[in-house]
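# Fold and contact review
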Amino acid sequence: MILELKDISLRVGAETFLYPMDLKLVPGTINVLLGPTQAGKTSLMRVIAGLDRPTDGRVLVDGKDVTGVSVRDRNLAMVYQQFVNYPAMTVYENIAAPLRLQRCPAAEIDQRVREIATKLHIDHLLQRLPGALSGGQQQRCALARALVKRAPLVLLDEPLVNLDYKLREELRMELSSLFADGQTTVVYATTEPQEALLLGGHTVLMDAGRILQTGPTLAVYQRPASIRAAAIFNDPPMNIFDGHIESDSSVRLTNGPALSVAAPALDLPAAQPCKIGVRCHHVRLADDASHANRIDCTVELAELSGSETYVHLHQGATSLVAQVPGVYAASLDAAVQASVSPDHLFIFDADGALLRAPKEAAHGAH
């Protein structure tokens, strides 16, 4: 299935949910809609599904205009974050329901129900009612009911958000495996950058009803087109500093030190204002003299998060966060040196557009 959106927008009264946009889904793979809450992800999915008609523009499926076609007449499946099962029906009957509506033969229904239940590891629960299931099992049941249709288009609106970490990890891996055959076009909405990276495929970055950037997921992560795109695709957010170009191989922080930048040369006018970005996990706190780009800082807060520590620092009026492994014991107001490799610096112009991505992007690392 090839699905395209042509200059669609969505307004309700005076409120705009989607600004004019074009989008062509990549067929046979996972298309991730990544953005914060109220970015427009659900609104876009509802337009794709036919639940809402766009105010302007067209929805095309395999070149045919389906803008006014009801969701009932579209060959797709959709799962919301608030999963719904029929409480009076067994898991088996919940999964079989869409096949019975399609009047499939009984033998085919049985075969397909048991096949998808096995893939989602709920085949031992088929005779139970949803009320007797855990939250993760109920979500698997809802997913199975959507996937058993074998629709060419599957829309998943934050389907794992209400599950605990372990269940999310398991289901995410199962979903990637289920769609690995390239027979299904998937649209998967999430607010979490890490989830987008784990799912792979292609990513559509969204913010406030607009599409900021699209492309293969890893490419978008490595080369965010703007500071806003970088902020959405980083958790915690990328450190951003004000500064200016000093030479073809260095930039200087405002009221701070000069930072060397790895080749190739910046090829930008000296003194041009810029913004300098570095991801938190690339900020080092070490006494190793080989570390370049040292910044004298003061500790504001050391925030332990599982197996790592987020160390909040400031250098004059500049704040930054270092994500360091393990437990980092630091006294408040302690003087430390942060360092950043020249290979890991992003350079944006004064308006926030990307001028130069780190050397790592050219080598496919992150």
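Keep in mind that this is a model prediction, so the values were computed, not measured.

What counts and how
Residues numbered from 1 in each chain as written. Predicted model: local features only at pLDDT ≥ 70, side-chain atom pairs only at ≥ 80, totals over all residues. Heavy atoms only, no water. Salt bridge = Lys/Arg side-chain N within 4 Å of Asp/Glu carboxyl O. Helix = DSSP H or I, 4+ residues; strand = E, 2+ residues; numbered from the N terminus. Buried < 20%, exposed > 50% of the residue type's maximum accessible area, 1.4 Å probe, protein only. Pairing = 2+ DSSP bridges. Contact = heavy atoms within 4.5 Å. Axes fitted to C-alpha atoms, helices over the stretch in contact; angles between N-to-C directions. Domains from an automatic or database assignment. Buried area = accessible area lost by both parts, 1.4 Å probe. Nonpolar A, V, L, I, M, F, W, Y, C, P; charged D, E, K, R; others polar. Core = buried A, V, L, I, M, F, W, Y, C linked by side-chain atoms within 4.5 Å. Phe/Tyr/Trp six-rings, centres within 6.5 Å; stacked < 30°, edge-to-face > 60°. Lys NZ or Arg CZ within 6 Å of the ring centre and 35° of its normal.

With that out of the way, let us pick up the pattern of salt bridges. For the structure shown, the criterion picks out 14 salt bridges. A salt bridge links Arg11 to Asp56; its shortest N-O distance comes to 3.2 Å. Taken together, the residues span a long stretch of sequence, with Arg11 in strand 1 (residues 3–12) and Asp56 in strand 4 (residues 56–61) at a distance of 45 residues. For Arg11, a relative accessible area of 40% corresponds to the partly exposed category. Classification of Asp56 as partly exposed rests on a relative accessible area of 35%. Residue Asp242 pairs with Lys275 through a salt bridge whose shortest N-O separation is 2.6 Å. Of this pair, Asp242 sits in strand 11 (residues 239–247) while Lys275 is found in strand 14 (residues 273–278), placing the two residues 33 residues apart along the sequence. Judged by its relative accessible area of 21%, Lys275 falls in the partly exposed class. A single network of salt bridges, built from pairs that share partners, joins Arg168, Glu169, Arg172, Glu192 and Glu195.

Right, let's talk about the sheet that holds strand 5 (residues 64–65) for a bit. Judged by pairing direction, the sheet is antiparallel, and its 4 strands sit side by side in the order 2-1-4-5 without closing on themselves. Every interior strand has two partners, whereas the edge strands, strand 2 (15–24) and strand 5, have only one. As judged from the 2 bridges shared by strand 4 and strand 5, these two strands associate in the antiparallel manner. The residue of strand 5 that forms the bridge with Leu60 is Asp65. Along the sheet, helix 1 (residues 41–49) contacts strand 1, strand 2 and strand 4; its crossing angle with strand 1, the most-contacted strand, is approximately 120°.

In this structure, strand 1 lies alongside strand 4, joined through 5 bridges in antiparallel fashion. Note on strand 4: the bridge partner recorded for Leu3 is Val61. Taken together, strand 4 and the strand that follows it, strand 5, pair antiparallel across an intervening segment of 2 residues, in which Asp62 is found at a positive phi of about 50°.

Pairing of strand 16 (residues 294–305) with strand 19 (residues 335–340), which is carried by 5 bridges, proceeds in the antiparallel orientation. Residue pairing across strands places Arg294 opposite Ser339, the latter belonging to strand 19. Taken together, the 7 bridges between strand 16 and strand 17 (residues 308–315) define a ladder with antiparallel strand orientation. The residue bridging Glu303 from the neighbouring strand is Tyr310, located in strand 17. In textbook terms, the turn of a hairpin is the stretch between consecutive antiparallel strands, and for strand 16 and strand 17 this stretch comprises 2 residues, one of which, Gly306, has a positive phi near 65°.

Attention now goes to the domain arrangement of the protein chain. For the protein chain, the domain assignment lists domain 1 (3–233) and domain 2 (239–356). Computed from C-alpha atoms alone, the centre-to-centre distance between domain 1 and domain 2 is 38 Å. Contacts between the two partners involve 8 residues from domain 1, matched on the other side by 9 residues from domain 2. In total, about 690 Å² of surface goes out of reach between domain 1 and domain 2, with carbon and sulfur atoms giving 62% of it. Among the residues of domain 1 in contact with domain 2, Tyr221, Pro224 and Ile227 are the three that bury the most area, contributing 63% of the side total. Applying the counting criterion to the domain 1 and domain 2 interface returns 0 salt bridges. At the level of secondary structure, the elements contributing two or more residues to the side of domain 1 that touches domain 2 comprise helix 7 (217–222) and helix 8 (227–232). Within the side of domain 1 that touches domain 2, the residues separate by chemical class into 5 nonpolar, 2 polar and 1 charged.

Turning next to the nonpolar core. Residues Ile95 and Leu156 are the most contacted members of the largest nonpolar core, which totals 45 residues. Counting residues in each nonpolar core, the second largest holds 26 residues, with Ile48, Val59, Leu76 and Leu153 among its members.

Taken as a whole and assessed by the stated rule, the structure comprises 2 aromatic pairs. Ring centres 5.4 Å apart and planes at 75° place the aromatic pair Tyr221 and Phe233 in the edge-to-face group. With Tyr221 in helix 7 and Phe233 in the loop between helix 8 and strand 11, the pair connects residues that are 12 residues apart, well separated along the chain. Here Tyr221 matches Phe233 in class, with each residue buried. Centre to centre, the rings of Phe346 and Phe348 are 6.2 Å apart; their planes meet at 10°, and the pair counts as stacked. One exposure class covers both Phe346 and Phe348, and it is buried. A cation sits over an aromatic face here: Arg210 above Tyr19, 3.7 Å from the ring centre. The positively charged end of Arg279 is found above the aromatic ring belonging to Tyr221, 3.8 Å away from the centroid.

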